[in-house]
Amino acid sequence: MSILKIKNIKKSFGEDLEVLQDISLAVEEGEVVSILGPSGSGKSTLLHILGGVDRPTKGKVYFDGVDVYQQKEDQLAIFRRRQVGLIYQFYNLIPILNVLENMTLPVLMDGREVNQEFLTELVATLGLEGKEKKLPNELSGGQQQRTSIGRALMTSPLVVLADEPTGNLDSKSGKVVAEEFRKINEELGKTLLMVTHDPQMASRCKRVIFLKDGYVMNDVRKEGTEEEF
């Protein structure tokens, strides 16, 4: 079942800068998709449009059957908080909040009660046991990224969107974070889309979309990869 569909998406900034040009695709529930392409190809812009962060100039985004950009602003804000988990390259953690406080912040800001059982499970899954009270500046880069992953998952989103999730990490930490994405997919059943320049990360995905100059140049589903999510 397609959990995410986009039809004829275009994105322009002014009259002269066309970032995305007539992109259409569908993502099935449970898929892990990497989005590759050179700098300036529109990868991050596409991800932000899928996540309800940046409106397309033209076209439609359907998320679990809902026309995302036909929603009113208050509905769109709820959609972003509850249905999509966004993970960024530079973590975006609140420096004065500890690991648990950063992870639970989206739930509390939404006026909901934290599911303590799920929080405990998530901390264990992400290998953050013993780090719960640590501030971001007391963590390694990999631990900070895993905290940001936990924050994105605390709302139990249907889709997780990651923008260069290993781009700010060394190779060892990158492998650890890649393993966490495998767990997110296999153990939590989440659909994942990630922008990446990391060929090893992309090679683990069964589907790779390659963008260039705002167009989808290739959309490949692979079979029988040796190492995959």
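Residues numbered from 1 in each chain as written. Predicted model: local features only at pLDDT ≥ 70, side-chain atom pairs only at ≥ 80, totals over all residues. Heavy atoms only, no water.

Concerning the pairing of strand S8 (residues 191-195)
Inference 1: In terms of residue burial, S8 counts as a mostly covered element, since five of its five residues are buried.
Inference 2: A two-sided burial pattern is seen for S8, the buried positions comprising Thr191, Leu193 and Val195 on one face and Leu192 and Met194 on the other.
Inference 3: Bridging between strand S7 (residues 159-163) and S8 involves five bridges; their strand directions are parallel. Bridge pairing links Val160 to Leu192 in S8.
Inference 4: Regarding the hand of the β-α-β motif, the stretch spanning S7, helix H6 (residues 171-186) and S8 is right-handed. (Buried < 20%, exposed > 50% of the residue type's maximum accessible area, 1.4 Å probe, protein only. Helix = DSSP H or I, 4+ residues; strand = E, 2+ residues; numbered from the N terminus. Pairing = 2+ DSSP bridges. Right-handed = clockwise from strand over helix to strand, strands pointing away.)

Points about the sheet that holds strand S10 (residues 215-221)
Inference 1: Read from one edge of the open sheet, six strands run S6-S7-S8-S3-S9-S10, paired in mixed fashion. The sheet is open, and its two edges are formed by strand S6 (84-87) and S10, each paired on a single side. Averaged over neighbouring strand pairs, the angle between their axes works out to 15 degrees when direction is ignored.
Inference 2: With respect to the sheet, helix H2 (residues 73-83) is in contact with S6 and S7, its orientation differing from that of S6 by roughly 70 degrees. (Axes fitted to C-alpha atoms, helices over the stretch in contact; angles between N-to-C directions. Contact = heavy atoms within 4.5 Å.)

Focus on the side chain of Gln143
Inference 1: In this structure, Gln143 sits in helix H5 (residues 141-153).
Inference 2: For Gln143, the residues in contact, after removing those within four places along its chain, are Leu128 and Lys131.

Details of the pattern of salt bridges
Inference 1: Taken as a whole and assessed by the stated rule, the structure comprises 11 salt bridges.
Inference 2: Asp54 is the salt-bridge partner of Lys11, the closest N and O atoms lying 3.1 Å from each other. Of the two residues, Lys11 is situated in strand S1 (residues 2-13) and Asp54 in the loop between helix H1 (43-50) and strand S4 (58-63); the sequence distance between them amounts to 43 residues.
Inference 3: In this structure Lys11 comes out as buried when scored by relative accessible area, which is 9%. (Salt bridge = Lys/Arg side-chain N within 4 Å of Asp/Glu carboxyl O.)

Description of the nonpolar core
Inference 1: Counting residues in each nonpolar core, the largest one holds 30 residues, and the members touching the most others are Met103, Ile149, Met154 and Phe181.
Inference 2: For this core, the secondary structure elements donating two or more residues are helix H3 (99-109), helix H4 (116-125), H5, S7, H6 and S8.
Inference 3: With residues near it in sequence (within four places) discarded, Met154 still touches Met103, Thr104, Val107, Val114, Asn115, Phe118, Leu119 and Leu122. (Core = buried A, V, L, I, M, F, W, Y, C linked by side-chain atoms within 4.5 Å.)

Structural notes on H5
Inference 1: With 13 residues, H5 should reach 18 Å at 1.5 Å per residue; the first-to-last C-alpha distance of 19 Å fits that figure.
Inference 2: Counting buried positions over the 13 residues of H5 gives 12, a clear majority of the element.
Inference 3: Those residues of H5 that fall on the buried side of the exposure criterion are Gly142, Gln143, Gln144, Gln145, Arg146, Thr147, Ser148, Ile149, Gly150, Arg151, Ala152 and Leu153.
Inference 4: Packed against the buried residues of H5 are S6, H3, H4, S7 and H6. (Expected span 1.5 Å × (residues − 1).)

Some points on the side chain of Thr45
Inference 1: Within the secondary structure, Thr45 is located in helix H1.
Inference 2: A relative accessible area of 15% means that Thr45 is categorised as buried.
Inference 3: If sequence neighbours within four positions are ignored, Thr45 has contacts with Lys11, Val19, Leu20 and Asp54.

Describing the packing of H3 against H5
Inference 1: Two elements in contact, H3 and H5, have axes whose closest approach is 7 Å; the angle formed by their N-to-C orientations is 30 degrees. Between H3 and H5, the interaxial angle falls into the category roughly parallel. In this structure, the crossing between H3 and H5 has a hand that is right-handed. Residues Val99, Asn102, Met103 and Pro106 of H3 form the contact with H5, whose own contacting residues are Thr147, Gly150 and Arg151.
Inference 2: Within the contact of H3 with H5, the residues separate by chemical class into three nonpolar, three polar and one charged. (Parallel < 35°, antiparallel > 145°, perpendicular 65-115°, else oblique. Left-handed = near helix turned anticlockwise from the far one by under 90°. Nonpolar A, V, L, I, M, F, W, Y, C, P; charged D, E, K, R; others polar.)

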